[in-house]
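Breakdown of the fold
One-letter residues, chain by chain:
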Amino acid sequence: SGLLFSLCGLNCGLCPMNLNQYCPGCGGGEGNQSCSIAKCSLQHGKVEYCFQCENYPCVKYDNIDEFDSFITHQHQKQDIEKFKKLGISLYTAEQQRKKVLLNHLLNTYNDGRKKTIFCVAVNLLELEDLENIINELDKNTLNLSLKEKAAYAASLFKKISANKNII
């Protein structure tokens, strides 16, 4: 699906569930009945994003970042604030660029065991840091085997996340 950012603030375009086509999505305009937030939006004038609702932030957002360990949930409130600040076109452009970088990582540096780490990294790191790492990878891995490329990529992501206190 083309959805990059969900109603409740998830970066869908960068999520392994979405990439594997396991995600039912928010249900578009109809509201996926398994999602209480999608149902809620239907009762509040079909808002496109929760932060547009007069009741936001509501009780559904209390402790939402602790609610789920799944990757796209970890910065939900932070991502909503960034989306509000940048506006839809800038935020979407950043997500689209991140999706291009994620696809590049998956196509060039994935030995079949790195999808999760790449999705996590692209979700949690700033665009500039990602661009720098990928430039370094592209420059320094030309003569390496796929297994070596994957190990090198993973080591760069582990190093930057340690420096930035990202788990």
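Note that the structure is predicted; figures quoted are calculated from it, not measured.

**With respect to helix α5 (residues 88-109)**
- Along its 22 residues, α5 runs 30 Å from first to last C-alpha, staying within 8% of the 32 Å computed at 1.5 Å per residue.
- On its buried face, α5 is in contact with α1 (16-19), α4 (76-86), α6 (115-124), α7 (127-140) and α8 (146-163).

**So, the packing of α7 against α8**
- Close contact between α7 and α8 brings their axes to 11 Å; oriented N to C, the two are set at 150°. Compared by their axis directions, α7 and α8 come out roughly antiparallel. The two elements α7 and α8 cross, and the hand of that crossing is right-handed. Taking contact as the criterion, the partners of Asp129, Leu130, Ile133, Glu136, Leu137 and Asn140 in α7 are, on α8, Tyr152, Ala153, Leu156, Phe157 and Ile160.
- A class-by-class count of the residues in the contact of α7 with α8 yields 8 nonpolar, 1 polar and 2 charged.

**Quick word on the packing of α4 against α5**
- Two numbers describe how α4 lies on α5: the axes approach to 6 Å, and their chain directions differ by 125°. Comparing their axes, α5 and α4 come out oblique. Only Ile88, Leu90, Tyr91 and Glu94 of α5 make contact with α4, whose side of the interface consists of Asp79, Lys82, Phe83 and Leu86.
- Classifying every residue of the contact of α4 with α5 gives 5 nonpolar, no polar and 3 charged.

**Observations regarding the packing of aromatic side chains**
- By the definition in use, this model includes 8 aromatic pairs.
- A ring pair is formed by Tyr49 and Phe83, whose centres lie 4.7 Å apart and whose planes are at 50°; its orientation type is tilted. A residue pair is termed long-range when its members are at least 10 positions apart, and Tyr49 in the loop between α2 (36-43) and α3 (64-67) and Phe83 in helix α4 qualify at 34 residues.
- Judged by relative accessible area, Tyr49 falls into the buried class, the value being 8%.
- By the ring-pair criterion, three or more aromatic residues cluster together here, those being Phe5, Tyr49, Phe51, Phe83 and Tyr91.

**Quick look at the side chain of Gln76**
- Structurally, the position occupied by Gln76 is in helix α4.
- A distance of 3.0 Å separates a polar atom in the side chain of Gln76 from the backbone oxygen of Cys8.

Cut-offs used in this document
- Residues numbered from 1 in each chain as written.
- Predicted model: local features only at pLDDT ≥ 70, side-chain atom pairs only at ≥ 80, totals over all residues.
- Heavy atoms only, no water.
- Helix = DSSP H or I, 4+ residues; strand = E, 2+ residues; numbered from the N terminus.
- Expected span 1.5 Å × (residues − 1).
- Contact = heavy atoms within 4.5 Å.
- Axes fitted to C-alpha atoms, helices over the stretch in contact; angles between N-to-C directions.
- Parallel < 35°, antiparallel > 145°, perpendicular 65-115°, else oblique.
- Left-handed = near helix turned anticlockwise from the far one by under 90°.
- Nonpolar A, V, L, I, M, F, W, Y, C, P; charged D, E, K, R; others polar.
- Phe/Tyr/Trp six-rings, centres within 6.5 Å; stacked < 30°, edge-to-face > 60°.
- Buried < 20%, exposed > 50% of the residue type's maximum accessible area, 1.4 Å probe, protein only.
- Polar contact = N/O pair within 3.5 Å; in protein donor to acceptor, adjacent residues only side chain to side chain.

As far as function goes, none of this settles anything; it's purely spatial.
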